[in-house]
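Each chain is listed here by its residues.
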Amino acid sequence: MLPAVLHAEELQESKPTKGWGLLGKIKTFIDTMSVKGVDRRYIDIPERPWQVLLRSNINQSGLVLKSKVDGESLFSNTKGEFLWEPRIKTSLSTYAGFWVGYRGYGIGYSWNVAGDDGQILTFGVTGGCYGLNLRIHHYESDNPKVHYGGLLRENANMPYEYHTGVREHQLSSPISTRTLMLDGYYFLNGKHFSYAAAYDQSAIQKRSAGSIMVGAMYYYARIKYNDNENADFILLMDNIGLHKMWQFGVGAGYAYNWVPCRGLLVSGMAIPMLMFYNHHKTWRYDSNLRQLALDIEEYDEEDLPKNEWVLYEEPLSVTRNNSRVTWNLDCRLSITYQWSRFYLNANGQYSTIQYKEGNVKGHLFDWFINASAGVRF
């Protein structure tokens, strides 16, 4: 049995609840926008406007940092450029949390229960033909896998040969990554297609329909590892210890809601984003380890033990840079089954961000799958 629904005319004619004042007007505005222009043969709105979801989340994030440094200035057995490429991939992390909303306007919070440490905060706004989402994610990693390569020789009597390899680099202080993604969409066929039906269940898709969509995305990331005990890692990252980036872009794509039977909805969407604003701010650091590496041809930990490494307080440089236009791919899939006032949903998203600053390139990716059980009241 599907939920009881209100017709568009009933919502549009509703008046602010007496005594609610401004809140009543906001409520009426949300009610009206949720049904504005919809075709009731395709979309209905549940009579019960409030929603509470218990949500679990499986998440994985990754970061690739690729740098090329002058190996000859740092190592006695290296010639030319030396490639240092840490690849960080978090363990499959499981989160548990909740989401509370009124007709698609809501807030959610999830905390880590297994895997790498992290937290996720989400805000959502959906209407008849639009959707707006904010996701804030923080995670840490202290054991990146490093791919390296360069012209190396075992001793002064041996010729240089190109060597590559992979090693785990254990960090005493973890790399901290914080991301914020704000994305918004407008669906040209809001009369027949409902984004809300697929991603927050504040509407009901009765018949299959698709829509061309346009969207915009704002992305912020902070990658931080400027700790004294990471002086060797910073040295090989072209002296970078802190990096921030801001990106903004627009795109167009397509979404489709498939209703194979009563109560079941399968939805998919894909939208490539052209990130035309791509700004970076980078902090490079000097240290007593860097000075030692530059002053002598070869050294070991006895010359300067790790517990004596010190990053100098004043950065070597703080630079701002606008990188070339790049792109981001945003893909989503959702499956929903509902009966009476209850529903089950699973949805996932994949996104990727790229950047370049001097001799360092970066690539961040993030995917998650949400599974939730909700009730309307």
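Not measured: the values here are computed from a predicted model. (Residues numbered from 1 in each chain as written. Predicted model: local features only at pLDDT ≥ 70, side-chain atom pairs only at ≥ 80, totals over all residues. Heavy atoms only, no water.)

(A) Structural context of the overall build of the chain. A count of helical and extended segments in the chain gives five helices and 19 strands. Judged by the C-alpha coordinates and their principal axes, the chain covers about 85 × 35 × 35 Å. Burial status across the chain gives 49% buried among its 377 residues. Relative to all contacts within the chain whose residues are 6 or more apart in sequence, the contacts with residues 24 or more apart total 70%. As presented, the chain carries roughly 18100 Å² of accessible surface, and 56% of it is formed by carbon and sulfur atoms. (Helix = DSSP H or I, 4+ residues; strand = E, 2+ residues; numbered from the N terminus. Buried < 20%, exposed > 50% of the residue type's maximum accessible area, 1.4 Å probe, protein only. Contact = heavy atoms within 4.5 Å. Areas by Shrake-Rupley, 256 points an atom, 1.4 Å probe, with all protein chains shown as cover.)

(B) Spotlight on the environment of S351. One can find S351 in strand β18 (residues 342–357). According to the relative accessible area criterion, S351 is buried, its value standing at 7%. Between the C-alpha atoms of S351 and I30, which are 321 residues apart in sequence, the distance is 29 Å. Excluding residues that lie within four positions of it along the chain, S351 makes contacts with M181, N328, L329, L364, F365 and D366.

(C) Structural context of the packing of aromatic side chains. A full pass over the atoms with the stated rule returns 14 aromatic pairs. Ring geometry for Y185 and Y195: centres 6.0 Å apart, planes at 50°, overall tilted. Placement of the pair is Y185 in strand β11 (residues 175–187) and Y195 in helix α3 (residues 195–199), with a sequence separation of ten residues. When sorted by exposure, Y185 lands in the same class as Y195, which is buried. (Phe/Tyr/Trp six-rings, centres within 6.5 Å; stacked < 30°, edge-to-face > 60°.)

(D) Fine view of the pattern of salt bridges. Summed over all chains, the structure comprises seven salt bridges. The partner of R284 in a salt bridge is D238, with the nearest N and O atoms 3.1 Å apart. Placement of the pair is R284 in strand β15 (residues 264–284) and D238 in the loop between α4 (231–236) and β14 (240–261), with a sequence separation of 46 residues. Of the two residues, R284 and D238, neither departs from the other in class, the shared state being buried. (Salt bridge = Lys/Arg side-chain N within 4 Å of Asp/Glu carboxyl O.)

(E) Molecular detail of the side chain of R376. Secondary-structure assignment places R376 in strand β19 (residues 360–376). One buried charged residue, R376, forms no salt bridge at all, with the nearest opposite charge on D200 at 7.7 Å. (Lys, Arg positive; Asp, Glu negative; His and termini not counted.)

(F) Structural detail: the side chain of D200. One can find D200 in the loop between α3 and β12 (204–205). Polar side-chain contacts of D200 include one of 2.5 Å to the side chain of T126. Once you skip the residues sitting within four places of it in the chain, D200 turns out to touch Q51, W99, G104, T126 and Y343. (Polar contact = N/O pair within 3.5 Å; in protein donor to acceptor, adjacent residues only side chain to side chain.)

(G) Representation of a nonpolar patch on the surface. On the surface, W50, L54, F98, V100, Y109, W111, V113 and F377 cluster together into a nonpolar patch covering about 760 Å² of accessible area. Where the nonpolar patch is concerned, the elements lending two or more residues are β3 (50–70), β5 (93–102) and β6 (105–114). Residue contributions to the nonpolar patch peak at three residues, all from β6. With respect to the secondary-structure elements, V113 resides in strand β6. Exposure remark for V113: the relative accessible area of 48% places this residue in the partly exposed category. (Patch = residues over 30% accessible without salt bridge, like charges linked within 9 Å, V, L, I, M, F, W, Y side chains within 5 Å.)

(H) Local environment of the environment of S211. Considering the arrangement of structural elements, one finds S211 in strand β13 (residues 209–224). Look at S211 and you get buried, because its relative accessible area is 1%. Separated by 158 residues in the primary sequence, S211 and L53 have C-alpha atoms spaced 27 Å apart. With residues near it in sequence (within four places) discarded, S211 still touches F187, L188, N189, F193, G253, Y254 and A255.

(I) Representation of a positive patch on the surface in the model. A surface patch of like charges, here positive, comprises K66, K68, R324, K356 and K361. The topology assignment puts K361 in strand β19. (Charge placed at Lys NZ, Arg CZ, Asp CG, Glu CD.)

(J) View of the pairing of β6. By the bridge criterion, nine bridges tie β5 to β6 in an arrangement that is antiparallel. The residue bridging T94 from the neighbouring strand is A114, located in β6. Hairpin connection of β5 to β6: two residues between the antiparallel strands, including R103 at a positive phi of 45°. When β6 meets strand β7 (residues 118–126), the two strands line up antiparallel, connected through six bridges. Of the residues in β7, the one forming a bridge with Y109 is L121. (Pairing = 2+ DSSP bridges.)

(K) Just helix α2 (residues 22–35), in detail. Here α2 is 14 residues long and its end C-alpha atoms lie 21 Å apart, about the 20 Å a rise of 1.5 Å per residue gives. When we look at burial in α2, the residues that qualify are G24, T28, I30, D31, S34 and V35. For α2, the angular spread of the buried residues around the axis is 160°, confining them to a single face. The outward face of α2, more than 90 degrees from its buried face, is lined by the exposed residues L22 and K25. One or two positions beyond α2, positive phi appears at G37, with a value near 80°. (Expected span 1.5 Å × (residues − 1). Arc of directions from axis to C-beta.)

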